[in-house]
Amino acid sequence: MMSVSRPSLREALHRLEDQGLLEQIQGDGTYVRSIASSSVDKAFEDFFKHKDALLHLMEVRKILETWAARTAAERLTDKELKTMEEYLKEMKQALDNQEVGHVPDANFHNTISYATHNFLLIHLMNSIYEWVEKVSYEVRSRLFKDHAKFENLYRQHVAIFEAMKERNPDSAYNAMLAHMDYIISEITLFQQSE
């Protein structure tokens, strides 16, 4: 191999993480952070002050994540499928415990992006991950007050997972499309009631 000791490698990874170039997620792995994220953060903060910002983000997510679901169904590894299943279990626990569960939701979607093995898509999704997590929290915190809607949200994730497990690109695309359309319709309802 490269004749680098584990302590030296570990130290190098910690330094890269301290510099904001890597993100280590306990039990999941080490990921390259978006180079643009710090410069994009201010733009996103300004963007999210606009009334239609959530809908605009969801429109972009719909484009990216439906393609990602189709592609990931063809390319994902067994390890990525297992990771998705773990996040799905965490979402089920959140449902059963009447918790919001936005972090496993966002991580579930992020895992699909990684399962495409498309560097540019991964980079784009990492750049907006924080905002995906915020949207997930916003939607879930409102839906979890209505158990039927919250359960429907969970079932949508199950449908996406099952399509991935079957390695069926068309089913994965359709399940993700139905999920994105549902979120968009719920955000529209929230905004109309405000």
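Before any of the text, the structure's been laid out above.
The structure reproduced in this document is the subject of the present report. (Residues numbered from 1 in each chain as written. Predicted model: local features only at pLDDT ≥ 70, side-chain atom pairs only at ≥ 80, totals over all residues. Heavy atoms only, no water.)

**Re the environment of Val135**
Link 1 in the chain: Note on placement: Val135 falls in helix 6 (residues 119–143).
Link 2 in the chain: With relative accessibility at 2%, the residue Val135 sits in the buried group.
Link 3 in the chain: Placed 81 residues apart in sequence, Val135 and Leu54 show a C-alpha to C-alpha distance of 7.1 Å.
Link 4 in the chain: Contacts of Val135, omitting those with residues within four sequence positions, involve Leu54, Leu57, Met58, Arg61 and Ile187. (Helix = DSSP H or I, 4+ residues; strand = E, 2+ residues; numbered from the N terminus. Buried < 20%, exposed > 50% of the residue type's maximum accessible area, 1.4 Å probe, protein only. Contact = heavy atoms within 4.5 Å.)

**Description of helix 4 (residues 78–96)**
Link 1 in the chain: Helix length check: helix 4 (19 residues) gives 27 Å between terminal C-alpha atoms against 27 Å at 1.5 Å per residue, within 8%.
Link 2 in the chain: Within the sequence span of helix 4, burial applies to Glu80, Leu81, Thr83, Met84, Tyr87, Leu88, Met91, Ala94 and Leu95. Down the axis of helix 4, the smallest arc covering the buried residues is 160°, so these residues share one side. Facing away from the buried side of helix 4, by more than 90 degrees, are the exposed residues Asp78 and Lys79. (Expected span 1.5 Å × (residues − 1). Arc of directions from axis to C-beta.)

**A short note on the packing of helix 6 against helix 8 (residues 169–193)**
Link 1 in the chain: The contact between helix 6 and helix 8 brings their axes to 11 Å, and the two run at 70°. Comparing their axes, helix 8 and helix 6 come out roughly perpendicular. Note on packing geometry: the crossing formed by helix 6 with helix 8 is left-handed. Residue-level inspection shows Val135, Glu138, Val139, Arg142 and Leu143 of helix 6 in contact with helix 8, the latter providing Tyr182, Ile183, Glu186, Ile187 and Phe190.
Link 2 in the chain: Looking at side-chain class alone, the contact of helix 6 with helix 8 contains seven nonpolar, no polar and three charged residues. (Axes fitted to C-alpha atoms, helices over the stretch in contact; angles between N-to-C directions. Parallel < 35°, antiparallel > 145°, perpendicular 65-115°, else oblique. Left-handed = near helix turned anticlockwise from the far one by under 90°. Nonpolar A, V, L, I, M, F, W, Y, C, P; charged D, E, K, R; others polar.)

**Examining the packing of aromatic side chains**
Link 1 in the chain: In the structure shown here, the tally under the stated rule is zero aromatic pairs.
Link 2 in the chain: Across from the ring centre of Tyr154, 5.8 Å away, lies the NZ or CZ of Lys92, which sits over that ring.
Link 3 in the chain: Geometry around Phe190 places Arg142 over its ring, the cationic atom sitting 4.7 Å from the centre. (Phe/Tyr/Trp six-rings, centres within 6.5 Å; stacked < 30°, edge-to-face > 60°. Lys NZ or Arg CZ within 6 Å of the ring centre and 35° of its normal.)

**Structural notes on empty space enclosed by the protein**
Link 1 in the chain: Counting across every chain of the model gives two cavities of 30 Å³ or more.
Link 2 in the chain: Volume-wise, the largest cavity comes out at about 70 Å³.
Link 3 in the chain: Around the largest cavity sit Met58, Arg61, Asp105, His109, Val135, Ser136, Val139, Arg140, Leu153, His179 and Ile183, which together line it.
Link 4 in the chain: Those elements giving two or more residues to the lining of the largest cavity turn out to be helix 3 (53–75), helix 5 (102–115), helix 6 and helix 8.
Link 5 in the chain: Per-element tally for the lining of the largest cavity: the top contributor is helix 6, with four residues.
Link 6 in the chain: Split into classes, the residues belonging to the lining of the largest cavity amount to five nonpolar, three polar and three charged. (1 Å grid on protein atoms, 1.4 Å probe; cavity = no way out; pocket = protein on both sides within 12 Å on 5 of 7 lines; lining within 4 Å. Points joined across faces, edges and corners; volume = space filled by probe spheres on them.)

Note that every value here comes from positions in space, so none of it alone points to a role or purpose.
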